[in-house]
Amino acid sequence: MKIGIVGCAGRMGRMLLKTVLETDGVTLGGGTERPDSTLLDSDLGVLAGLNPVGLTPGTDAAALFAACDVVIDFTSPAATVAHARLAVEHGTALVVGTTGMTAEDIVPLEQAGATVPVVHAPNMSVGVNLLFALTEQVAATLGEEFDIEIVEMHHRHKVDAPSGTALGLGRAAAAGRDVDLEAASVRVRDGVTGPRETGTIGFATLRGGDVVGDHTVIFAAEGERVELTHKASNRSIFARGAVRAAKWCEGRKPGLYAMRDVLGL
Ligand code: NAD
């Protein structure tokens, strides 16, 4: 299977190059970057922190789609929308990790899903996707006598809170309880808040140091507590998940899929 990486000089792009080059059964079909990138002369192997492989980033995305079985895209919403059209034109499967996609940006992905397999997930980590499924299952099993609190910690540079993943865990817990997260969530507590309201889903945000991403879902009742925790220490988990999704696309019928489908959860 030949895998292409669009945006191959980005933080995730380089990690994806490294993961593809180090994964058995797949070949690197090439990579693209923006025409104004200063890295167009860099060898893709060197960008990945490995030995040179004799390829440099191209600027012709159509040629990359034509040459590959699957393209992995961690770029920007505008670029991803254009790539979705190329996937259809060339019959190439597409794995999208780009975040910040609006409902409008998702439409071209849905359209591409009518012709080719497309996997789209704002968090490609296998562990986090497992945690989503477990959270929904545990929330459904334990019932309202267990209070649900979601605690997350990230590095000091993170600008949004709670994290998208924490909110995803909240949605999973709410789905398990069959409630609406917006109505049930308590995002901040400060001062005299009064006792905890039954059935709410609380969030707590910690920030500091270089923490890549820690998430814990706490189910707390009288006399016992269940905690589900995921700790990310390296961005490679997202690249490994994306390459796993790319391999999963082989022989798959067209559709817009999530990591849940890839992992059979
Ligand atoms: P980055 O800015 O380091 O990399 C993006 C790269 O894409 C840049 O090198 C840029 O030049 C390139 N690019 C943009 N438009 C292009 C185009 N039209 N053609 C070719 N290349 C183009 O950002 P990053 O940290 O690597 O993150 C990229 C995206 O992936 C973000 O949306 C981020 O939130 C998302 N992300 C998703 C996951 C996940 O698990 N789904 C994990 C980490 C990051």
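Residues numbered from 1 in each chain as written. Predicted model: local features only at pLDDT ≥ 70, side-chain atom pairs only at ≥ 80, totals over all residues. Heavy atoms only, no water.

(A) Local environment of the side chain of Thr200. Of note, Thr200 is situated in the loop between β7 (185–186) and β8 (201–207). A polar contact is formed between the side chain of Thr200 and the backbone oxygen of Glu197, at a distance of 2.7 Å. Setting aside its immediate chain neighbours within four residues, Thr200 contacts Ile148, Ala184 and Val186. (Helix = DSSP H or I, 4+ residues; strand = E, 2+ residues; numbered from the N terminus. Polar contact = N/O pair within 3.5 Å; in protein donor to acceptor, adjacent residues only side chain to side chain. Contact = heavy atoms within 4.5 Å.)

(B) Representation of the environment of Thr200 in the model. For Thr200, a relative accessible area of 8% translates into the label buried. A sequence separation of 165 residues divides Thr200 from Pro35, and the C-alpha atoms of the two residues are 49 Å apart. (Buried < 20%, exposed > 50% of the residue type's maximum accessible area, 1.4 Å probe, protein only.)

(C) Focus on the sheet that holds strand β9 (residues 213–221). Pairing in this open sheet of five strands is mixed, and the strands run β7-β8-β6-β9-β10 from one edge to the other. A single partner strand is all that each edge strand has here, and the edge strands are β7 and β10 (224–232). Judged from the two bridges that link them, β7 and β8 form a sheet pairing that is parallel. Bridged to Val186 within β8 is Gly202. (Pairing = 2+ DSSP bridges.)

(D) Region of interest: the pattern of salt bridges. Counted according to the given criterion, the structure contains nine salt bridges. Between Lys18 and Glu22 there is a salt bridge whose closest N-O contact spans 3.1 Å. Remark: Glu22 and Lys18 occur in helix α1 (residues 11–22); sequence separation between them is four residues, near one turn of the helix. Residue classification places Lys18 among the partly exposed positions, given a relative accessible area of 28%. (Salt bridge = Lys/Arg side-chain N within 4 Å of Asp/Glu carboxyl O.)

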